[in-house]
Amino acid sequence: MVITMGTNVSLKQLRVFQAITQHSTLTEASEALFLSKAAVSMALSELEKQIGHALFDRVNHRLILNQEGKKLLPLADELLNRANTISHLFDDESQLTGLLKVGASDTIGNQVAPHLLSRFRKELKHTSQTLFISNSALICQRLIDYELDIALIEGKTLHPDIISTQFSQDEMCVICSASDPLANEDVVSLSSLENSEWLLREAGSGSREFFLRAVAPRIEHWHEAFQLNTTESLINSVSAGIGYACLSKLAAHSAINDGRVKTLNIPLDMKRRFWLLVHKEKYQSPLMKRFIQFCFEWDQQGKKE
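Basis of the calculations
Residues numbered from 1 in each chain as written. Predicted model: local features only at pLDDT ≥ 70, side-chain atom pairs only at ≥ 80, totals over all residues. Heavy atoms only, no water. Helix = DSSP H or I, 4+ residues; strand = E, 2+ residues; numbered from the N terminus. Buried < 20%, exposed > 50% of the residue type's maximum accessible area, 1.4 Å probe, protein only. Areas by Shrake-Rupley, 256 points an atom, 1.4 Å probe, with all protein chains shown as cover. Lys, Arg positive; Asp, Glu negative; His and termini not counted. Charge placed at Lys NZ, Arg CZ, Asp CG, Glu CD. Contact = heavy atoms within 4.5 Å. Phe/Tyr/Trp six-rings, centres within 6.5 Å; stacked < 30°, edge-to-face > 60°. Core = buried A, V, L, I, M, F, W, Y, C linked by side-chain atoms within 4.5 Å. Axes fitted to C-alpha atoms, helices over the stretch in contact; angles between N-to-C directions. Parallel < 35°, antiparallel > 145°, perpendicular 65-115°, else oblique. Left-handed = near helix turned anticlockwise from the far one by under 90°. Nonpolar A, V, L, I, M, F, W, Y, C, P; charged D, E, K, R; others polar.

Trainee: Sorry, what's going on with the overall build of the protein here?
Mentor: The number of helices and strands found in the protein is ten helices and eleven strands. The dimensions of the protein, computed from C-alpha atoms along their principal axes, are 75 × 50 × 30 Å. Relative to its 305 residues, the protein shows a buried fraction of 46%. Approximately 15,600 Å² of the protein is accessible, and the part contributed by carbon and sulfur atoms is 50%. Taking the average place of the 32 positive charges on the side chains of the protein and the average place of its 36 negative ones, the gap between the two points comes to 5 Å.

Below you can see the structure in the form of structure tokens.
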């Protein structure tokens, strides 16, 4: 899609278009933009008229981005980000400006991102970030939909629109209740885990994916006792003796120190990578570029601790 100079597309129209892609209804988009529903509807109609294409399919009062809209989205995102850069062009050049929308999967979001963002704020004097935490699958989808600028997840994605780069690593562990017969074994053979009960995170979770890829194939018979959508519920269920779980040592650290659960020393490579993801069509503002650089420096310098 080419927008020519003769097409009077305004930044307001592009902001309306972007808001609708993120909220799916005119009402929600108008609330996010602090505009009336009529103003949002008019801006969208004018944009579609000027471009000569409908940008959304109307389905049950919801606006679903169509193929033409998907062509416009990366251009709109870039133009709005460049407009923000222009508005701050003559500010103090040492100061980063704009809002950075970061997404992180559960372990990184709860155990890594708070420390990383705290250090970023202190060193770069930039305090305008949002952090959205969910499972890896939803984080990737929000990145694809331009609802996030950067994603930090535990499992690599193969989506063709996403560029993945390793920025750190993590170590997984298998935990059991303190009263489990295997808890005091120096080394636990995989055969000892035959016919075992396991507590797993939901589909799309990085820790679930690691268990199914690295641990489960080495156990001939195992059973999923529960599927849980938070790490804390996983740990509490293990502590209660319902079964075993595979999760990040970072996430299990407090429970292990408190004696609520114990780790099993099993003969497997339990390391996994942390990935930094960006949309390949996403315009990388100075702020976004600096944050990406910071993530790599943060890990290379021993997490700057």
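Anyway, onward from the coordinates.
Trainee: Please clarify how the side chain of Ser 105 should be interpreted in this entry.
Mentor: Residue position: Ser 105 is located in strand β3 (residues 100-105). According to the relative accessible area criterion, Ser 105 is buried, its value standing at 1%. The contacts of Ser 105, once residues within four sequence positions are left out, are Ile 133, Ser 134, Asn 135, Ser 136, Ile 139, Leu 152, Ile 153 and Glu 154.

Trainee: Help me understand the packing of aromatic side chains in this model?
Mentor: Centre distance and the angle of the planes are the two values used to describe a pair of aromatic rings. In total, this model carries seven aromatic pairs according to the counting rule given. Both rings, one in Phe 120 and one in Phe 291, keep their centres 5.1 Å apart while their planes meet at 80°; by these two values the pair is edge-to-face. Separated by 171 residues along the polypeptide, Phe 120 in helix α5 (residues 106-124) and Phe 291 in helix α10 (residues 286-300) bring together distant segments of the chain. In terms of burial, Phe 120 and Phe 291 fall into one category: buried. Geometrically, the ring pair formed by Phe 211 and Trp 222 is edge-to-face, given 5.1 Å between the ring centres and 90° between the ring planes. Of the two residues, Phe 211 sits in helix α7 (residues 206-215) while Trp 222 sits in strand β8 (residues 222-228), which places them eleven residues apart along the sequence.

Trainee: Looking at this model, I keep getting lost on the nonpolar core. Mind explaining?
Mentor: Across soluble globular proteins, nonpolar side chains show a tendency to be buried alongside one another. Of all hydrophobic cores here, the largest spans 24 residues; its most connected members are Ile 150, Leu 152, Phe 167, Leu 276 and Phe 291. Among the secondary structure elements, those contributing two or more residues to this core are β3, α5, β5 (150-153), β11 (271-279) and α10. Beyond its immediate chain neighbours, meaning those up to four positions away, Leu 152 contacts Val 102, Gly 103, Ala 104, Ser 105, Ile 108, Phe 167, Trp 275, Leu 276 and Cys 295. Counting 21 residues, the second largest nonpolar core, distinct from the first, contains Leu 182, Leu 193, Ala 214 and Val 215.

Trainee: Even after reading the chapter, I still don't get the packing of helix α1 (residues 11-23) against helix α2 (residues 26-33), so can you show me in this structure?
Mentor: How two helices sit against one another is set out by the angle between their axes and by the gap between those axes. Put simply, α1 and α2 touch, their axes get as near as 8 Å, and they point 125° apart. In terms of orientation, α1 lies oblique with respect to α2. Taken as a pair, α1 and α2 cross one another with a handedness that is right-handed. Touching Arg 15, Val 16, Ala 19, Ile 20 and His 23 of α1 are Leu 26, Glu 28, Ala 29, Ala 32 and Leu 33, all from α2. Of the residues contributing to the contact of α1 with α2, the split by class is seven nonpolar, one polar and two charged.

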